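# Working through the structure, step by step
Single-letter residue listing:
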Amino acid sequence: MNSNPRLKGQSALVTGANSGIGLAVAIALANDGANVVVNYVSHPEVADDVVKQIEKHGGNAIALKADVSKEDEVHAMFQQMYDKYGTIDILVNNAGIQKDSPIESMSLADWQLVINVNLTGQFLCTREAVKEFLRRGIVQERSCAAGKIICMSSVHEVIPWAGHANYAASKGGINMMMKSLAQELAPKKIRVNSIGPGAIQTPINKPAWDTPEALNKLLTLIPYGRIGQPEDIGKVAVWLASDESDYVTGTTIFADGGMLLYPGFSTNG
Ligand code: NAD
C-alpha cells in the first residue's frame, strides 16, 4: 500500500473488477487505502484472486457477485457491501461488453444486452450509491465530498464506430447521463465524472492487439505510440476518486495516448 494513501478509510465498489481495467482500478484504489468491493458476474475464482492480491499488499477487499443489469442483484450487492463496510464513498461503474455486428444483422437481443449492461447497469449502481451518499452526507475525516462516481466511458462517446452502433450508443448515453447527474448532484457535494479510455490491452479487444499486424494497425491510431495498459486507467481513477480532484465534476478525462487528436491528419497538413 502507498505510504500516504489518498483514500484511507473510504469504501469503493468497482463493477466488473475481475478482468482488465476494472481489476487494475480495484487494485489501484486498494493501494491508496480504500476498502474495495470486487464485483463480478462470472469466474468467481478470478475475483477471489483479486481479493487475495489486495490483501497480500495490506489492503481490504471482498468479492461480490451481481449482474449490473439486474435491479434485484444490484440492490442485494449494495446491501452486502453495507453489511461489510457500512457505507460507500466511491462507485466505479466499469462493467461493459461489446456485441459487434453490422447494423443490418444486429439482433435486438445484442442491441439490448449492450445497452442493458453498459448504460442501464451504470444507472442502477449509481442510483443505489447516490441514495447512500444523500443519506450519509459528508464525512470530513474521509473526504470533502459526499460521494464520488466514476463512469467508465470510452473515446467512443465521441468517435463514431462503424459495426459497433450498440456500443457507441451506450457510451454516448453514458456521457449525457454523467453530465446530467453531475449537474443534478453538485449542490449535494457529489461528484460525477467519466474516464474515456482509448485502446487498452484487455480481453475485450484482444483481436486488435494479439498479432503484430493487428497491433501495428492499431498503433496508427495512437499518436503516443503504445497501447494503453489497465494501470494507466487505474491511476486516473484514483485521482478522480480522491480530494485532489475536488473541483472536478461533470467531465470526461480521456486517457487515450492522443487517439482523439485525429491522427489521420498528422501528415496531411
Ligand atoms: P474486460 O472484458 O476485460 O472486462 C469487462 C468486465 O465487465 C469483466 O469483468 C466482465 O465480467 C464484466 N461484466 C460484463 N458484463 C457484466 C455484468 N452484466 N455485470 C457485471 N459485470 C459484468 O474489458 P475491459 O477492457 O476491462 O472493459 C472495462 C470497461 O472499459 C468497459 O466499460 C469498456 O467498455 C471500457 N473500455 C475499454 C477499452 C479498452 O480498450 N479495453 C476502451 C474504452 C473503454
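See the structure above.
This text gives an overview of the structure that appears in the document. Because the structure is a prediction, the values reported are computed rather than measured.

Definitions and cut-offs
- Residues numbered from 1 in each chain as written.
- Predicted model: local features only at pLDDT ≥ 70, side-chain atom pairs only at ≥ 80, totals over all residues.
- Heavy atoms only, no water.
- Near = heavy atom within 4 Å.
- Polar contact = N/O pair within 3.5 Å; in protein donor to acceptor, adjacent residues only side chain to side chain.
- Areas by Shrake-Rupley, 256 points an atom, 1.4 Å probe, with all protein chains shown as cover.
- Helix = DSSP H or I, 4+ residues; strand = E, 2+ residues; numbered from the N terminus.
- Nonpolar A, V, L, I, M, F, W, Y, C, P; charged D, E, K, R; others polar.
- Pairing = 2+ DSSP bridges.
- Axes fitted to C-alpha atoms, helices over the stretch in contact; angles between N-to-C directions.
- Contact = heavy atoms within 4.5 Å.

Residues in close proximity to the ligand total 28 residues, the closest being Ser19, Ile21, Asn94, Tyr167 and Thr202. The separation between an oxygen atom of the ligand and a polar side-chain atom of Asn18 is 2.8 Å. The backbone of Ile21 places a nitrogen or oxygen atom 2.8 Å from an oxygen atom of the ligand. Protein chains shield 91% of the accessible area of the ligand, which is 830 Å² for the free molecule. Going through the elements one at a time, α1 (20-31) and α5 (165-185) are the ones with two or more residues in the shell around the ligand. Grouping the amino acids of the shell around the ligand by side-chain chemistry returns 14 nonpolar, 12 polar and 2 charged.

Although it is not a glycine, His43 adopts a positive phi angle of roughly 55 degrees. Mapped onto the elements of the fold, His43 is located in the loop between β2 (35-40) and α2 (44-56). In this model, Lys189 sits at a positive phi of 65 degrees, which is unusual for a non-glycine residue. Summarising the element assignment, Lys189 is placed in the loop between α5 and β6 (190-197).

Bringing the sheet that holds β2 into the picture now. A sheet is described by the order of its strands in space; here 7 strands give the open sequence β3-β2-β1-β4-β5-β6-β7, paired in parallel fashion. Where the open sheet ends on each side, the last strands, each with one partner, are β3 (60-65) and β7 (252-255). Each strand axis lies, on average, 20 degrees off the axis of its neighbour in the sheet, ignoring direction. Relative to β2, strand β1 (residues 11-14) runs parallel, the two sharing 4 bridges. Note on β2: the bridge partner recorded for Leu13 is Val37. Sheet strands touched by α2: β2 and β3. Its angle to β3, the strand with the most contacts, is close to 170 degrees. Lying over the sheet, α5 contacts β5 (147-152), β6 and β7, oriented at roughly 160 degrees with respect to β6.

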